[in-house]
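Structure assessment
Here are the chains, one letter per residue:
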Amino acid sequence: GAGVSQSPSNKVTEKGKDVELRCDPISGHTALYWYRQSLGQGLEFLIYFQGNSAPDKSGLPSDRFSAERTGGSVSTLTIQRTQQEDSAVYLCASSLLSGNTGELFFGEGSRLTVL
Amino acid sequence: AQTVTQSQPEMSVQEAETVTLSCTYDTSESDYYLFWYKQPPSRQMILVIRQEAYKQQNATENRFSVNFQKAAKSFSLKISDSQLGDAAMYFCAYRSYSGYSTLTFGKGTMLLVSP
């Protein structure tokens, strides 16, 4: 597609369940980012994939959070044993690296509600 | 680490009037990008305007312009001739000039536009 695609758009789950959120970046973008946006808060960086390099996981809040990027394209963010404080909108973004203008292109996010 | 501060949680403006949103940032770098993103209720972050730190001229995009004061580390957004469609959350963001970096966001300013 032309833009960053995220699924599901909304996810309601019970505390303790695992969830997977998917991001399909813009074709040709080598960098992919995950951010978390909690109610009334700004965007919190979670993880960053850049080409074939090791991802920058410095923003992951706990070891219940993990992400992978297969084939340099689609990424999945997994949250294990979800907690109510995990409720947030999870935004994915992608960008070019070489010759880029610094801009990140965002998807519409996945809203996660943990009951 | 870089930080971005938006001191106005909410601003109001009437249609056709002008409003200025404030942003300050802290960095030890000399080369970087600054952005204003808009987030409407659809959740998708949309780039409004971008400024490269090495450029002295303030960026302008139609009704949107910035006042970039590098020494003061200030980056305000001016919206002229405000329209109802401008109502949204606005985020100021910083990115290092290196391609291997993420965006650091402020907490956002909610802009309300009244007829």
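Residues numbered from 1 in each chain as written. Chains lettered and ligands numbered in written order. Predicted model: local features only at pLDDT ≥ 70, side-chain atom pairs only at ≥ 80, totals over all residues. Heavy atoms only, no water.

Below, the discussion takes up unusual backbone geometry. Following Ser7(A), the chain continues into Pro8(A) via a peptide bond in cis, with omega recorded as -10°. Looking at where Pro8(A) falls in the secondary structure, it is placed in the loop between β1 (5-7) and β2 (10-13). Residues other than glycine seldom take positive phi values, yet Asn62(B) does so here, at roughly 55°. You can see Asn62(B) is positioned in the loop between β7 (60-61) and β8 (64-69). (Helix = DSSP H or I, 4+ residues; strand = E, 2+ residues; numbered from the N terminus.)

This structure, assessed with the given rule, holds 2 disulfides over all chains. Paired by a disulfide, Cys23(A) and Cys92(A) hold their sulfur atoms 1.8 Å apart. Residues Cys23(A) and Cys92(A) are joined through a disulfide that is left-handed, its torsion about the S-S bond being -70°. On the criterion of sequence distance, the pair formed by Cys23(A) in strand β3 (residues 19-24) and Cys92(A) in strand β8 (residues 88-95) is long-range, its members being 69 residues apart. Like Cys92(A), Cys23(A) is buried. Through a disulfide, Cys23(B) is tied to Cys92(B); the S-S separation comes to 2.0 Å. Note on the Cys23(B) and Cys92(B) pair: the S-S dihedral is about -70°, so by sign convention the disulfide is left-handed. With Cys23(B) in the loop between β3 (19-21) and β4 (24-26) and Cys92(B) in strand β10 (residues 88-96), this pair connects stretches of sequence that are 69 residues apart. (Disulfide = S-S within 2.5 Å. Buried < 20%, exposed > 50% of the residue type's maximum accessible area, 1.4 Å probe, protein only.)

The subject of this paragraph is the pattern of salt bridges. Across all of its chains, the model carries 6 salt bridges over all chains by this definition. Close ionic contact of Asp86(A) with Arg64(A) constitutes a salt bridge, the shortest N to O distance being 2.7 Å. Remark: Arg64(A) occurs in the loop between β5 (43-50) and β6 (65-69) and Asp86(A) occurs in the loop between β7 (75-79) and β8; sequence separation between them is 22 residues. Of the two residues, Asp86(A) and Arg64(A), neither departs from the other in class, the shared state being buried. A salt bridge links Asp26(B) to Lys73(B); its shortest N-O distance comes to 3.7 Å. A residue pair is termed long-range when its members are at least 10 positions apart, and Asp26(B) in strand β4 and Lys73(B) in the loop between β8 and β9 (74-79) qualify at 47 residues. Using a relative accessible area of 42% as the deciding quantity, one classes Asp26(B) as partly exposed. Overall, the relative accessible area of 26% leaves Lys73(B) in the partly exposed class. (Salt bridge = Lys/Arg side-chain N within 4 Å of Asp/Glu carboxyl O.)

Next up on the list: the sheet that holds β6(A). Residues and elements named next belong to chain A. In space, the 4 strands of this open sheet follow the order β1-β3-β7-β6, with antiparallel pairing throughout. Here the strands that pair on one side only, and so sit at the sheet edges, are β1 and β6. Each strand of the sheet is rotated relative to its neighbour by a mean of 15°, with strand direction disregarded. Sheet analysis places β3 next to β7, joined by 5 bridges and oriented antiparallel. In the sheet register, Val-19 faces β7, and the bridge partner there is Ile-79. (Pairing = 2+ DSSP bridges. Axes fitted to C-alpha atoms, helices over the stretch in contact; angles between N-to-C directions.)

Moving on, we come to the interface of chain A and chain B. Contacts between chain A and chain B engage 26 residues on the former and 20 residues on the latter. Across the chain A/chain B interface, buried area totals approximately 1900 Å², and carbon plus sulfur atoms make up 49% of it. Of the charged contacts in the structure, one is a salt bridge between Arg50(B) and Glu103(A), with a shortest N-O distance of 3.4 Å. Connecting chain A to chain B are 9 residue pairs in polar contact (both at pLDDT 80 or more). At the level of elements, β4 (31-37), β5, β8 and β10 (110-114) of chain A are the ones that each hand at least two residues to the side of chain A that touches chain B. In terms of residue count, the dominant contributor to the side of chain A that touches chain B is β5(A) (4 residues). Of the residues in the side of chain A that touches chain B, the class split is 10 nonpolar, 13 polar and 3 charged. (Contact = heavy atoms within 4.5 Å. Buried area = accessible area lost by both parts, 1.4 Å probe. Polar contact = N/O pair within 3.5 Å; in protein donor to acceptor, adjacent residues only side chain to side chain. Nonpolar A, V, L, I, M, F, W, Y, C, P; charged D, E, K, R; others polar.)

On inspection of all chains with the given rule, the structure shows 17 aromatic pairs over all chains. Between Tyr35(A) and Phe45(A), the ring centres sit 6.0 Å apart and the planes meet at 70°, which makes this aromatic pair edge-to-face. On the criterion of sequence distance, the pair formed by Tyr35(A) in strand β4 and Phe45(A) in strand β5 is long-range, its members being 10 residues apart. Given a relative accessible area of 0%, Tyr35(A) falls into the buried group. When the centroid spacing of 6.1 Å and the interplanar angle of 55° are considered together, the rings of Tyr37(B) and Phe105(B) count as tilted. Taken as a pair, Tyr37(B) in strand β5 (residues 32-39) and Phe105(B) in strand β11 (residues 103-105) lie far apart in primary sequence, 68 residues in all. Here Tyr37(B) matches Phe105(B) in class, with each residue buried. (Phe/Tyr/Trp six-rings, centres within 6.5 Å; stacked < 30°, edge-to-face > 60°.)

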